[in-house]
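Commentary on secondary and tertiary structure
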Amino acid sequence: DDPVISNLRSYPQNTDSRPPEEWTFKPADTHLLGIRCHPETSFDNRPNDDIFVLLIKGMVFTFWGSTDPNPGITVPAGRHEDGDPFLSEGQHRYRFGWHKVSSAQRVYMALRPYSPGVLVFRDRAKKNQLLKDDILKGFGPPNRTINIHWTPDGDKNWSAGCQVISGESYIDDKGIVRTCKDYCAGHYNELSSKKTRGAYNFLTDLVVSYSHDQNDTVWYTLGRVNNLQSIAPHLDDQSVDGILKRLKEG
């Protein structure tokens, strides 16, 4: 078995991370795909180099950001003693909750693990990358702090392990790149000057508008191009690079 799948299947506690036999892709549900591109590459300051695909009510929207922690954020702040967290690939159950609750001026809605928490691997060697050795060492306890949230203008990756989505641009359900550069904040301080979270706000508005009390789950499926092609057959390494280039130029 793939070591990620083996770890998911053998994990002894209840979590929000599911083994493949429990994955769901019901069209009525809201699904977000995270396409992880370079976790094995070491960066001192990791860029926003991944894409996200929102599947909702028969529509497809594409965003960009990062699925991996940025040492440029975690090291100055004091990284975790066990190494930075990399969310496990696979499917995870999320719902809306509050992010940045420590600051009344910055708190906003983000996707949070549904209940007990999601599973992460640690960069135990502190080499700023996720390697097979890290995966083979298995998971720690379920983590309730790996949120899916905003990263300001796309230039800076503000991830300490969370999945972060740029506010700068997105591709709509017609395949057109929509830029938010004129009104997207580059930092929290700019939100008070009539700027917004841009594309991230659009994503959250979509999810809130099409959710209801009986179905408040967002299924987040994280993987790499080669293991997501069964659910997104139009994707390959070349097309992902092209999508990211379009979004960044947008």
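Anyway, here's the lowdown on the structure attached to this text. In this text, all values refer to a predicted model and were calculated from it rather than measured experimentally.

Thresholds, definitions, all that
- Residues numbered from 1 in each chain as written.
- Predicted model: local features only at pLDDT ≥ 70, side-chain atom pairs only at ≥ 80, totals over all residues.
- Heavy atoms only, no water.
- Helix = DSSP H or I, 4+ residues; strand = E, 2+ residues; numbered from the N terminus.
- Buried < 20%, exposed > 50% of the residue type's maximum accessible area, 1.4 Å probe, protein only.
- Contact = heavy atoms within 4.5 Å.
- Areas by Shrake-Rupley, 256 points an atom, 1.4 Å probe, with all protein chains shown as cover.
- Patch = residues over 30% accessible without salt bridge, like charges linked within 9 Å, V, L, I, M, F, W, Y side chains within 5 Å.
- Salt bridge = Lys/Arg side-chain N within 4 Å of Asp/Glu carboxyl O.
- Expected span 1.5 Å × (residues − 1).
- Arc of directions from axis to C-beta.
- Phe/Tyr/Trp six-rings, centres within 6.5 Å; stacked < 30°, edge-to-face > 60°.
- Lys NZ or Arg CZ within 6 Å of the ring centre and 35° of its normal.
- Core = buried A, V, L, I, M, F, W, Y, C linked by side-chain atoms within 4.5 Å.
- Pairing = 2+ DSSP bridges.

As for the overall build of the protein
Looking only at helices and strands, one finds six helices and 13 strands in the protein. Seen through its principal axes, the protein has C-alpha atoms that stretch 45 × 40 × 40 Å. The buried share of the protein, taken over its 250 residues, is 50%. Of the contacts formed within the protein by residues at least 6 apart in sequence, a portion of 65% connects residues at least 24 apart. In the structure as shown, the protein presents an accessible area of about 11800 Å², 48% of it carried by carbon and sulfur atoms.

Looking at a nonpolar patch on the surface
Together, Trp98, Val101, Val107 and Met109 line one region of the surface with nonpolar side chains, adding up to about 380 Å² of accessible area. Relative to the elements of secondary structure, methionine 109 occurs in strand S7 (residues 108-113).

Digging into helix H6 (residues 237-249)
For H6, built from 13 residues, the straight-helix expectation of 18 Å at 1.5 Å per residue is met to within 8% by its first-to-last C-alpha distance of 18 Å. Buried within H6 are the following residues: Val240, Ile243, Leu244 and Leu247. Buried residues in H6, looked at end-on, bunch into an arc of 95°, giving them a common side. In H6, the exposed positions angled more than 90 degrees off the buried face are occupied by Gln238, Lys245 and Glu249. Those residues of H6 hidden inside the fold are in contact with strand S2 (30-35), strand S3 (50-56), strand S4 (59-66), strand S11 (169-171) and helix H5 (225-228).

A word on the packing of aromatic side chains
One pass over the structure, following the stated rule, counts 12 aromatic pairs. The ring of tryptophan 158 carries the charged tip of lysine 156 above its face, separated from the ring centre by 5.8 Å. Above the plane of the ring of tryptophan 150 lies arginine 197, whose end atom (NZ or CZ) is 5.1 Å from the centre.

Quick look at the pattern of salt bridges
When charged atoms on two side chains of opposite charge get close, those side chains can pair. One pass over the full model with this rule turns up 11 salt bridges. Between glutamate 21 and arginine 9 there is a salt bridge whose closest N-O contact spans 3.1 Å. Taken together, the positions of glutamate 21 in the loop between strand S1 (17-18) and S2 and arginine 9 in helix H1 (residues 3-10) put the pair 12 residues apart, joining distant regions of the chain. Relative accessible area serves as the criterion here: at 42%, arginine 9 is assigned to the partly exposed category. For aspartate 172, the salt bridge identified is with arginine 178, shortest N-O distance 2.9 Å. When its relative accessible area of 9% is taken as the criterion, aspartate 172 is described as buried.

Quick look at the nonpolar core
Membership of the largest hydrophobic core comes to 31 residues, with the highest contact counts inside it found for Leu32, Leu54, Phe63, Leu87, Tyr94, Ile165 and Tyr220. Of all the secondary-structure elements, those providing two or more residues to this core are S3, S4, S7, strand S9 (148-151), helix H4 (199-210) and strand S13 (218-223). Per element, the largest residue contribution to this core is five residues, and it comes from H4. Core analysis: the next-biggest nonpolar cluster, separate from the first, contains 15 residues, Ile51, Ile171, Ile243 and Leu247 among them.

Brief notes about the pairing of S13
For a regular strand, side-chain orientation follows a simple rule: the groups alternate between the two sheet faces. Most of S13 is tucked away, with six of its six residues classed as buried. Along S13, one buried face is formed by Val218, Tyr220 and Leu222 and the opposite face, lined by Trp219, Thr221 and Gly223, is buried too. Pairing of S2 with S13, which is carried by six bridges, proceeds in the parallel orientation. Of the residues in S13, the one forming a bridge with histidine 31 is tryptophan 219. Bridge analysis of strand S6 (residues 90-99) against S13 gives five bridges, and the strand direction is antiparallel.

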